[in-house]
Amino acid sequence: MLQNKLNIANLNTPIHKLEQLSAALNKNIYIKRDDYTGTEISGNKVRKLEYTLQYVLDNGYDTVITTGAITSNHARATAALCAQLNITCYLVLRGNMAEFEGNLFLEAMLGAHIHIIEPSVSREETMEQLRAELEKQGKHPFTIPVGASDWIGTHGYINAFDEVVEQESDMNVQFDSINLAVGSGGTYAGLWYGNISHDLNKNIIGFAVDQSTDAFKTKIIEILNHLDDNIASYETLFINDDYIGLGYGQATDEELQFYIDIAQQEGIILDPTYTGKAFRGLVEEIKAGNYDDQNNILFIHTGGLQGYTQETRARIQQLLPEITDDKKQ
Ligand SMILES: Cc1ncc(COP(=O)(O)O)c(C=O)c1O
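Summary of the structure given here. (Residues numbered from 1 in each chain as written. Predicted model: local features only at pLDDT ≥ 70, side-chain atom pairs only at ≥ 80, totals over all residues. Heavy atoms only, no water.)

**A look at the environment of Ile-260**
Then, number 1: Turning to its location among the elements, Ile-260 is positioned in helix H9 (residues 253-266).
Then, number 2: Each C-alpha atom of the pair Ile-260 and Leu-320 lies 8.4 Å from the other, and the pair is 60 residues apart in sequence.
Then, number 3: Aside from chain neighbours lying at most four places away, what touches Ile-260 is Ile-316, Leu-319 and Leu-320. (Helix = DSSP H or I, 4+ residues; strand = E, 2+ residues; numbered from the N terminus. Contact = heavy atoms within 4.5 Å.)

Encoded structure:
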């Protein structure tokens, strides 16, 4: 296990109870605000990158290459951390540049070298080509996989699990489950490993945001095997893929309305790509009776607010009361 990490995130992140929702569902529903880890470096990615970039510095790399969707939160957090640490940052982003906004805008401001590729082009192959070119130029680049979800980044959420256990003791509460969005698997892998390392029996419940349960289980087992080749059983891995809806970064009106309702009920903004889908999944599963054996339920808000694109914002505007504008004729 890695011992060294950077200390950049604002930790411990708070946990608080969602009072209205808890009363409505007759459960104690808590939220851990990992969206508070920072601003430029907000969300779950910073916990992973604290280990990954420590590893980069410890091993004498001067350049980082990483990848994600054009809206990637991981890419933005990497760009911000690299700027802070004086590491050159290359981002291979897949998608179409519809608008210069959100994470893409921030990454450019943060000085990252941005390569946008077609959705059909391999991110890994593009990163490999870039690495070879940079090495020819005398650079020493390190490639971080999508979401920093490998054995190194996963340490960030093993650590987060320790933090939850400490908070349980401070709050005098035991969580029956920890619920979260799964996008590249590292956050889930870390929490699951923390749970077995502490020999606790919590349910670690992931909600897939794009790929199937089987695809994510394979990916998570790969990460965990690399971390520890003595894991006896993976039987307790639990990933629900029933709430992917229209697919990665896509939302139905019903989903958008749910995000509006939670915002107005609890004062919390869920993002439309990750936390929104996962939290909706959690609420639907509670309503369906699938949490009947649980009382204290923890959800991790992993960030991602920059994921509200102009298109999604315009759709939400249609669902909200009209704004009164006296200047309009
Ligand atoms: C805001 C947010 N939440 C959750 C996730 C999922 O975490 P992971 O990639 O570790 O599965 C991601 C990234 O994929 C994210 O950006």
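So that's the structure; there's more coming.
**Looking at the site of the ligand**
Then, number 1: Not every one of the 16 residues close to the ligand is listed here, only the nearest: Lys-45, Lys-48, Ser-184, Thr-187 and Thr-302.
Then, number 2: A total of 380 Å² of accessible area belongs to the ligand in isolation, and the protein chains cover 98% of it.
Then, number 3: Contributions of two or more residues to the shell around the ligand are made by helix H2 (45-58), strand S7 (177-182) and helix H7 (186-197).
Then, number 4: A class-by-class count of the residues in the shell around the ligand yields 3 nonpolar, 11 polar and 2 charged.
Then, number 5: A domain split of the shell around the ligand shows at least three residues from each of domain 1 (15-39 + 150-319) and domain 2 (44-148). (Near = heavy atom within 4 Å. Areas by Shrake-Rupley, 256 points an atom, 1.4 Å probe, with all protein chains shown as cover. Nonpolar A, V, L, I, M, F, W, Y, C, P; charged D, E, K, R; others polar. Domains from an automatic or database assignment.)

**Notes on the packing of aromatic side chains**
Then, number 1: Within the structure shown, the criterion is met by 11 aromatic pairs.
Then, number 2: Relative to Phe-142, the ring of Tyr-55 has its centre 5.6 Å away and its plane inclined at 50°; by these criteria the two rings are tilted. Highlighted residues: Tyr-55 in helix H2 and Phe-142 in strand S6 (residues 141-143), separated in sequence by 87 residues.
Then, number 3: Owing to a relative accessible area of 24%, Tyr-55 belongs among the partly exposed residues under this scheme.
Then, number 4: For the pair Tyr-55 and Trp-151, a centre-to-centre distance of 6.3 Å together with 85° between the ring planes defines the contact as edge-to-face. With Tyr-55 in helix H2 and Trp-151 in the loop between S6 and helix H6 (155-171), the pair connects residues that are 96 residues apart, well separated along the chain.
Then, number 5: Residue class for Trp-151 comes out partly exposed when judged on its relative accessible area of 24%.
Then, number 6: Linked through ring pairs, Tyr-55, Tyr-61, Phe-142 and Trp-151 together constitute an aromatic cluster.
Then, number 7: Over the ring of Tyr-157 we find Arg-47, and its NZ or CZ is 5.5 Å from the ring centre. (Phe/Tyr/Trp six-rings, centres within 6.5 Å; stacked < 30°, edge-to-face > 60°. Buried < 20%, exposed > 50% of the residue type's maximum accessible area, 1.4 Å probe, protein only. Lys NZ or Arg CZ within 6 Å of the ring centre and 35° of its normal.)

Take it as geometry only, folks, not as evidence of what the structure does.
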